[in-house]
Amino acid sequence: MLQNHALSWGGRRLPAWAIGLSILATYLSSISFLANPGKAYATDWRPFVFSLTIPLAAFVASRWFIPFYRERIQTTAYEHLERRFGYWARAYGAISIVLLQIGRFAVVLYLIALAFGELLGWDLISVILLLGVVTIAYTTLGGFEAVVWTDVVQAIVLIGGALIAVVLLVLDLPGGFGQIIHTGWMEGKFGLGGFSFDLLHQSFWVILLFGIVENLRNFGVDQNYVQRMLSAHDTAAARRSLWLGALLYVPVSALFFFIGTALYVYYQAHTGLGLPAKPDQIFPFFIVTELPHGLVGILLAAILAAGMSTLDSSLNTSATVCAVDFYQRLKPNADEHKLLVVTRGATLLIGILGTAAALLMIHAKTVLDVWWQLSAIFGGAMLGLFLLGLLVPGARSRDALWGVIVGILVVAWATLTHGLQGHWAGPAFPFNLMLVGLAGTLAVLLIGLLGSLLRPARRT
């Protein structure tokens, strides 16, 4: 199954529009459905700046990444890193993406559990454990093509659910749409974080820089996206699918942030209610307490569709990477039965780790911030290694290795000193933690470039 890469990409017969909706669904998930409204409800629209960087990253990926990968890659994005710098680079990229997917699994599982815990009145820990077990069990079924078509349905259900929520919020306010715009504008709920060049707080520029790095990493080295772009019939179709998913996400994400602002205005007009303590719970609370039972079912189905497809995708991606980049790479003659056993074992282990990490999310204040920090930390040096291989032809394995070592140290230093604020007397990371990924990327690039420039010339 895994040895035939055509099967991994759905035989490269998937239509561009379906792949585009799958890319959109990969971006959406329950992070968009619950965390984005929660963030807009609690603060403003500054996370929307992240969405505005996606077309820029899509242009770079469409122009350079897609043709490069379609010519060089058979199964995973990390094959190229091995050819360029050696197996250690492939292993590093594979480990990084697995850690990132565990974090993504944890965040999404926690958000689904929040919604269904609110509906059922169950203990949050019990819901997380139940959903974790169910997800691990059903992820072993189906293949990549099934994931893409599930994503198509998920994207349609998600957008439909969001539109229903907006219509109901507008109808429930005496001033309707105008009241949301007026109150939101007067109270600064549509702000983008301020345009002063402040790199310490979560300003416009911090999110802009984070979004550029994060989305270049998504389209460049994240197997979730790379495998979708490789599944298209040809390069032109892959480009169309990428642009469809990228351009659709901008207005769709704005829709979810608008829901958060509308919820803020709605609960300003409906005071005296016992609102949940966490912003991420505000949309599920509205769904359960304010909507007719039939519509509650539709919106909860949208949340479930968003989350379960994302969980399935994260486990499938991680298990494929473990089977291909580790087991099959080290045992190239392994038969398909052994590969299947390894894939299912990896699915089980990663699912358990992700479920355990989801339990830790219970103490998080805002899950979107947690996800962005995890993404910056685990993806920090991975993009730098990929770009070093593309942009610095003279860089060799030793240069890249030193770059990654320094990049990891920079990420570790920035993360630890941020967590030890008030208890750390030494130099600390002077910027917002969302810029850890940028710092790691630049460290890898600069050290790798210096190594290639300072290497003594060969004697002829």
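Residues numbered from 1 in each chain as written. Predicted model: local features only at pLDDT ≥ 70, side-chain atom pairs only at ≥ 80, totals over all residues. Heavy atoms only, no water.

A. Examining the overall build of the protein chain more closely. When its secondary structure is counted, the protein chain shows 19 helices and zero strands. Its C-alpha atoms give the protein chain principal-axis dimensions of roughly 80 × 50 × 40 Å. In the protein chain, buried positions account for 57% of the 460 residues. Considering only contacts in the protein chain between residues 6 or more positions apart, those separated by 24 or more positions represent 83%. Looking at the protein chain as shown, the accessible area adds up to about 18700 Å², and 69% of this sits on carbon and sulfur atoms. For the protein chain, the distance from the average site of its 27 positive side-chain charges to the average site of its 22 negative ones is 14 Å. (Helix = DSSP H or I, 4+ residues; strand = E, 2+ residues; numbered from the N terminus. Buried < 20%, exposed > 50% of the residue type's maximum accessible area, 1.4 Å probe, protein only. Contact = heavy atoms within 4.5 Å. Areas by Shrake-Rupley, 256 points an atom, 1.4 Å probe, with all protein chains shown as cover. Lys, Arg positive; Asp, Glu negative; His and termini not counted. Charge placed at Lys NZ, Arg CZ, Asp CG, Glu CD.)

B. Fine view of the pattern of salt bridges. This model, assessed by the stated rule, comprises six salt bridges. Between Arg90 and Glu82 there is a salt bridge; the shortest N-O distance is 2.7 Å. Note that Asp222 and Arg217 form a salt bridge whose closest N and O atoms lie 3.6 Å from each other. On the basis of relative accessibility, which here comes to 3%, the residue Asp222 falls in the buried class. Using a relative accessible area of 2% as the deciding quantity, one classes Arg217 as buried. (Salt bridge = Lys/Arg side-chain N within 4 Å of Asp/Glu carboxyl O.)

C. A look at the packing of helix H17 (residues 382-391) against helix H19 (residues 436-454). Across the interface, H17 lies against H19 with an axial gap of 7 Å and an inter-helix angle of 35°. With respect to the hand of their crossing, H17 and H19 are arranged in right-handed fashion. Of the residues in H19, those touching H17 at Leu383, Gly384, Leu385, Leu387 and Leu388 are Thr441, Val444, Leu445, Gly448 and Leu449. Of the residues assigned to the contact of H17 with H19, the class counts are seven nonpolar, three polar and no charged. (Axes fitted to C-alpha atoms, helices over the stretch in contact; angles between N-to-C directions. Left-handed = near helix turned anticlockwise from the far one by under 90°. Nonpolar A, V, L, I, M, F, W, Y, C, P; charged D, E, K, R; others polar.)

D. Representation of a nonpolar patch on the surface. A contiguous nonpolar patch, built from Leu119, Leu120, Trp122, Leu130 and Val134 and spanning about 430 Å² of accessible area, is present on the exposed surface. Elements represented by at least two residues in the nonpolar patch include exactly helix H6 (87-120) and helix H7 (124-139). One can find Leu120 in helix H6. (Patch = residues over 30% accessible without salt bridge, like charges linked within 9 Å, V, L, I, M, F, W, Y side chains within 5 Å.)

E. Summary view of the packing of helix H4 (residues 54-72) against H17. The interhelical angle for the contact between H4 and H17, taken along N-to-C directions, is 85°, at an axis separation of 13 Å. Relative to H17, H4 is oriented roughly perpendicular. Mapping the contact onto sequence places Phe65, Phe68 and Tyr69 in H4 and Phe386, Leu387 and Leu390 in H17. Looking at the contact of H4 with H17 residue by residue, the class counts come to six nonpolar, no polar and no charged. (Parallel < 35°, antiparallel > 145°, perpendicular 65-115°, else oblique.)

F. Broad picture of the environment of Leu339. Relative to the assigned elements, Leu339 resides in helix H15 (residues 336-360). The exposure class of Leu339 is buried, given its relative accessible area of 2%.

G. Just the environment of Gly394, in detail. Relative to the helices and strands, Gly394 resides in the loop between H17 and helix H18 (397-419). Along the primary structure Gly394 and Arg455 are separated by 61 residues, whereas in three dimensions their C-alpha atoms are 9.7 Å apart. For Gly394, the residues in contact, after removing those within four places along its chain, are Arg84, Asp399, Ser452 and Arg455.

H. The side chain of Asp280, seen in detail. Among the structural elements, Asp280 can be located in the loop between helix H12 (235-269) and helix H13 (282-290). At 6.8 Å, Lys278 is the nearest oppositely charged side chain to Asp280, a buried residue that forms no salt bridge. Not counting residues up to four positions away in its chain, the partners in contact with Asp280 are Leu34, Ala35, Gly38, Leu111, Leu114, Lys365, Thr366 and Val367.

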